[in-house]
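Chain residues, written in single-letter form:
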Amino acid sequence: RAGKEYDCDSLRNDCVQDGGRRPPLLPSAFAIELEKKSFTNGKEDYPLVKGLYKDAFEERFGKATKLIYGMLGWGDAEA
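All of the points below concern the structure found in this document.

Notes on the overall build of the protein chain
Of regular secondary structure, the protein chain possesses three helices and zero strands. Listing each helix as α and each strand as β along the protein chain from the N terminus yields α-α-α. For a compact globule of 79 residues, the expected C-alpha radius of gyration is about 12 Å, and the protein chain comes in at 16 Å, more than 25% above that figure. Taking the principal axes of its C-alpha atoms as reference, the protein chain extends roughly 40 × 30 × 25 Å. Sequence-distant contacts in the protein chain: of pairs separated by 6 or more residues, those separated by 24 or more amount to 50%. Accessible area of the protein chain: about 6,600 Å², with a carbon and sulfur share of 54%. With 13 positive and 14 negative side-chain charges, the protein chain shows a separation of 1 Å between the mean positions of the two kinds.

Spelled out as structure tokens, the structure:
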């Protein structure tokens, strides 16, 4: 963001402006959304992208001991 420094509050404020950001998708939900997208070389990259997302999701969330998603405007449906 053009070299702008962020603290926790300013980052959270950026995340909630203009309707906020969506919660992270589970790999299964990401795969469904991915099916709706198009790649420049057809569906060849679909398995790769799907696998990379799943691996990254499991790596990051598998190590998480605490998730803080307060004040992002999410309701029960997003949780």
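Things to note about the packing of aromatic side chains
With the rule as written, the count across this model stands at three aromatic pairs. Linked through ring pairs, Phe 30, Tyr 53, Phe 57 and Phe 61 together constitute an aromatic cluster.

Observations concerning the pattern of salt bridges
Considering all chains together, one arrives at three salt bridges under this definition. In this structure, Lys 54 and Glu 58 form a salt bridge, with 2.8 Å as the shortest nitrogen-oxygen distance. Of this pair, Lys 54 and Glu 58 both sit in helix H3 (residues 46-63), four residues apart, which is roughly one turn of the helix. Exposure remark for Lys 54: the relative accessible area of 39% places this residue in the partly exposed category. On the basis of relative accessibility, which here comes to 42%, the residue Glu 58 falls in the partly exposed class.

Topic: the packing of helix H2 (residues 27-35) against H3
Running from N to C, H2 and H3 point in directions that differ by 155°, and their axes come no closer than 10 Å. Judged by the inter-axis angle, H2 sits roughly antiparallel to H3. H3 is crossed by H2, and the crossing has right-handed handedness. Residues Pro 27, Phe 30, Ala 31, Leu 34 and Glu 35 of H2 form the contact with H3, whose own contacting residues are Tyr 46, Val 49, Lys 50, Tyr 53, Lys 54 and Phe 57. A class-by-class count of the residues in the contact of H2 with H3 yields eight nonpolar, no polar and three charged.

What about H2?
Owing to its 3.6 residues per turn, the α-helix brings residues three or four apart onto one side. For H2, the set of buried residues is Pro 27, Phe 30, Ala 31 and Leu 34. When H2 is viewed along its axis, its buried side chains cluster within an angular range of 100° and face the same direction. Every exposed residue of H2 that faces more than 90 degrees away from the buried side is listed here: Ser 28 and Ile 32. The secondary structure elements touched by the buried residues of H2 are H3.

Overview of the environment of Asp 55
With respect to the helices and strands, Asp 55 occurs in helix H3. A sequence separation of 28 residues divides Asp 55 from Pro 27, and the C-alpha atoms of the two residues are 8.8 Å apart.

The rules behind each value
Residue numbers here run from 1 along each chain, matching the order of that chain's written sequence. Per-residue local features of the predicted model are confined to residues with pLDDT of at least 70, and side-chain atom pairs are confined, for both listing and counting, to 80 or more; whole-chain, interface and lining totals are unaffected and use all residues. Only hydrogens and water are removed before side-chain values are computed, so all heavy atoms of the structure are retained for them. Comment: elements are numbered from the N terminus, with helices defined as DSSP H or I runs of at least four residues and strands as E runs of at least two. Atoms considered for the radius of gyration are the C-alpha atoms alone. The globule rule reads 2.2 Å times the number of residues to the power 0.38. The criterion used for residue contact is that any of the two residues' heavy atoms lie within 4.5 Å. For the area figures, the Shrake-Rupley method with a 1.4 Å probe applies, and any residue is considered shielded solely by the protein chains shown. In this tally, Lys and Arg are treated as positive and Asp and Glu as negative; His is ignored, and so are the chain termini. Working definition for charges: the position is that of NZ of Lys, CZ of Arg, CG of Asp or CD of Glu. Two aromatic rings, drawn from Phe, Tyr or Trp (for Trp, its six-membered ring), form a pair once their centres lie within 6.5 Å of each other, and the interplanar angle then sorts them: stacked below 30 degrees, edge-to-face above 60, tilted otherwise. Definition used for salt bridges: Asp or Glu carboxyl oxygen within 4 Å of a side-chain nitrogen of Lys or Arg. Relative accessibility thresholds used throughout: buried, under 20% of the residue-type maximum; exposed, over 50%; partly exposed, between the two (1.4 Å probe, protein chains only). Every axis corresponds to a line fitted to the C-alpha atoms, with the helix fit spanning only the stretch in contact, and the corresponding angles, defined between N-to-C directions, vary from 0 to 180 degrees. To sort the angles, those under 35 degrees are grouped as roughly parallel, those over 145 as roughly antiparallel, those from 65 to 115 as roughly perpendicular, and the leftovers as oblique. For any helix crossing, the convention is left-handed if the near helix is rotated counterclockwise from the far helix by under a right angle, and right-handed if that rotation is clockwise. Residue polarity is assigned by list, with Asp, Glu, Lys and Arg as charged and Ala, Val, Leu, Ile, Met, Phe, Trp, Tyr, Cys and Pro as nonpolar; anything else, Gly included, falls into the polar class. By construction, the arc corresponds to the directions joining the helix axis to the C-beta atoms.

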